[in-house]
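The lines below spell out each chain.
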Amino acid sequence: MKNKEIKILLSAPRGFCAGVERAIEIVKRSLEKYGAPVYVRHEIVHNKHVVDSLKSLGAIFVEELHEIKDKSRPVIFSAHGVPKNVPIEADSYKMEYIDATCPLVSKVHREAENLYKAGYQIVLIGHNNHPEVIGTMGQLPDGTIDLIQDEHDVSVYELHQNKKVAYVTQTTLSVDDTKGIINALKKKFPEIKEPFKEDICYATTNRQSAVKNIAKQCDMFFVLGSRNSSNSVRLVEVAEQSGCPHAELIHSDSEIPFDKIQNCKIIGISSGASAPEILVENFINSLKSKFKIKIDKIEIIKENVVFKVPAKLN
Ligand code: SF4
């Protein structure tokens with residue numbers, strides 16, 4: 001196999017976004033400031049490599065606050081955002097908390113709150129049970145946000161007592177699939193109020209556009225990222241929808257399909273917003289051990305977004 005030459009189209013931008021960089025930095029700075037352990041509610045970002053490395057520094061991950069044994073220690077809320085009752089619960093335990101919710105998720109929370117105050121019935125386009133969706137729905141009283149997952153949901157959706165309607169979206173959806181859902185909503189409810197600036201974030205949009213740009217040229221496409229990472233899973237779908245015959249997610253338990261790769265001339269590689277670059281490097285090194293590799297980096301846009309950590313960690 002070693003003589004087989006394979007070209008890699010390395011998609012860029014890929015990997016960590018500003019919200020993920022900030023959330024990881026918040027955990028590291030909290031460990032420096034408070035010492036270990038600090039608790040983190042839910043995986044700080046959806047990536048096993050990141051979670052394991054923070055565990056080794058002294059972070060303890062829990063799903064709910066009641067699981068925290070030592071409530072005198074601080075707790076960090078993950079980048080996906082939390083329902084309003086979570087900080088209230090932390091206050092009831094007199095726990096110090098640090099919120100690592102991505103500012104672009106917080107923006108959607110504020111939008112939903114403002115729409116609710118203005119009397120709108122709110123539709124959230126997103127995936128059931130994703131922590132970001134649970135967090136956004138949990139900004140408002142039960143039953144005041146309705147989740148829509150696809151165009152079929154739109155077809156059966158009805159307005160409550162002729163209320164005016166508005167929509168917001170999860171930040172990590174497929175840009176193209178969401179367009180279809182929004183068009184169906186606009187057709188059914190021509191007066192529907194749209195977000196001032198779209199909710200799918202810059203990082204999701206850029207990573208998908210970069211994959212779309214090269215997918216057609218690739219015999220196979222690989223996305224480094226975890227199975228529970230929404231934006232990583234979307235990149236796999238985007239690669240296939242954009243003309244690559246076969247795309248796969250490479251996660252922590254994946255075996256690299258060398259037998260299939262050896263039949264390829266060109267493969268594409270990207271990574272989700274929560275996947276560290278070391279995973280891409282390790283993947284490419286594994287390929288180098290079997291094949292002659294040539295790498296072309298195809299970058300469609302430079303990103304320069306940075307989010308500040310909360311002032312109390314400076
Ligand atoms: S993917 Fe987008 S919304 Fe999610 S953490 Fe990154 S920048 Fe924020």
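Here is a short report on the structure shown in this document.

What counts as what
Residues numbered from 1 in each chain as written. Predicted model: local features only at pLDDT ≥ 70, side-chain atom pairs only at ≥ 80, totals over all residues. Heavy atoms only, no water. Pairing = 2+ DSSP bridges. Helix = DSSP H or I, 4+ residues; strand = E, 2+ residues; numbered from the N terminus. Axes fitted to C-alpha atoms, helices over the stretch in contact; angles between N-to-C directions. 1 Å grid on protein atoms, 1.4 Å probe; cavity = no way out; pocket = protein on both sides within 12 Å on 5 of 7 lines; lining within 4 Å. Points joined across faces, edges and corners; volume = space filled by probe spheres on them. Parallel < 35°, antiparallel > 145°, perpendicular 65-115°, else oblique. Contact = heavy atoms within 4.5 Å. Nonpolar A, V, L, I, M, F, W, Y, C, P; charged D, E, K, R; others polar. Expected span 1.5 Å × (residues − 1). Buried < 20%, exposed > 50% of the residue type's maximum accessible area, 1.4 Å probe, protein only. Near = heavy atom within 4 Å. Sits in = over half its atoms within 2 Å of the grid points. Left-handed = near helix turned anticlockwise from the far one by under 90°.

Pairing is parallel across the open sheet formed by five strands, whose spatial order is 10-9-11-1-12. Since the sheet does not close on itself, it has two edges, and those belong to strand 10 (247-250) and strand 12 (292-299), each with one partner. Recorded for the sheet is a direction-independent mean angle of 25° between the axes of neighbouring strands. The pairing of strand 1 (residues 5-12) with strand 11 (residues 266-271) spans four bridges and is parallel. Considered in strand 11, the bridge of Ile8 is made with Ile267.

Okay, the layout of surface pockets next. Here the largest pocket is characterised by a volume of approximately 250 Å³. In terms of lining, the largest pocket is formed by 15 residues, of which the most central are Leu224, Ile250, His251, Ser252 and Leu279. Where the lining of the largest pocket is concerned, the elements lending two or more residues are helix 2 (48-57) and helix 11 (277-288). By residue number, the principal contributor to the lining of the largest pocket is helix 11, which donates four residues.

Helix 2 packs onto helix 1 (residues 18-34) with a crossing angle of 5° between their chain directions and a minimal axis gap of 10 Å. In terms of axis orientation, helix 1 runs roughly parallel to helix 2. Within the contact between the two elements, helix 1 uses Ile24, Val27, Lys28 and Leu31 and helix 2 uses Val50, Leu54 and Leu57. Residue composition of the contact of helix 1 with helix 2, by class: six nonpolar, no polar and one charged.

Spacing of three or four residues puts side chains on the same side of an α-helix, whose turn is 3.6 residues. The terminal C-alpha atoms of helix 1 lie 24 Å apart, and with 17 residues this matches the ideal 24 Å at 1.5 Å per residue to within 8%. When we look at burial in helix 1, the residues that qualify are Ala18, Gly19, Val20, Arg22, Ala23, Ile24, Ile26, Val27, Ser30 and Leu31. Immediately downstream of helix 1, the backbone of Gly35 shows phi near 80°, a positive value.

With that settled, consider the site of the ligand. Around the ligand sit Cys17, Gly19, Cys102, Leu104, Val105, Thr171, Thr172, Cys201, Tyr202 and Ala273, and those are all the residues in its vicinity. Because more than half of its atoms lie within 2 Å of the grid, the ligand is assigned to the largest cavity. Of the residues belonging to the shell around the ligand, the class tally is seven nonpolar, three polar and no charged.

With that settled, consider unusual backbone geometry. In this model, Ala12 is joined to Pro13 through a cis peptide bond whose omega is 5°. Following the sequence through the fold, Pro13 ends up in the loop between strand 1 and helix 1. The step from Ala36 to Pro37 runs through a cis peptide bond, and the omega angle for that step is 0°. Considering the arrangement of structural elements, one finds Pro37 in the loop between helix 1 and strand 2 (38-41).

Moving on: empty space enclosed by the protein. Tallying each qualifying case throughout the model produces one cavity of 30 Å³ or more. By volume, the largest cavity is sized at about 300 Å³. Of all the secondary-structure elements, those providing two or more residues to the lining of the largest cavity are helix 1, helix 4 (103-117), helix 8 (202-215) and helix 9 (230-241). Among the residues making up the lining of the largest cavity, the classes are represented as 13 nonpolar, eleven polar and one charged.

Read across the open sheet, the four strands follow the order 3-2-4-5; overall the sheet is parallel. One side of each edge strand has no neighbouring strand; the edge strands of this open sheet are strand 3 (59-62) and strand 5 (97-99). Each strand axis lies, on average, 25° off the axis of its neighbour in the sheet, ignoring direction. The strands that helix 1 touches are strand 2, strand 3, strand 4 (75-77) and strand 5; relative to strand 5, the one it contacts most, it runs at about 155°.

Attention now goes to the packing of helix 8 against helix 9. At a minimum axis separation of 9 Å, helix 8 and helix 9 run at an interaxial angle of 25°. Between helix 8 and helix 9, the angle falls in the class roughly parallel. When you trace helix 8 past helix 9, the crossing you get is right-handed. Along its contact with helix 8, which presents Thr204, Arg207, Gln208, Val211, Lys212 and Ala215, the element helix 9 presents Asn231, Arg234, Leu235, Val238 and Ala239. Its residues placed into classes, the contact of helix 8 with helix 9 shows five nonpolar, three polar and three charged.

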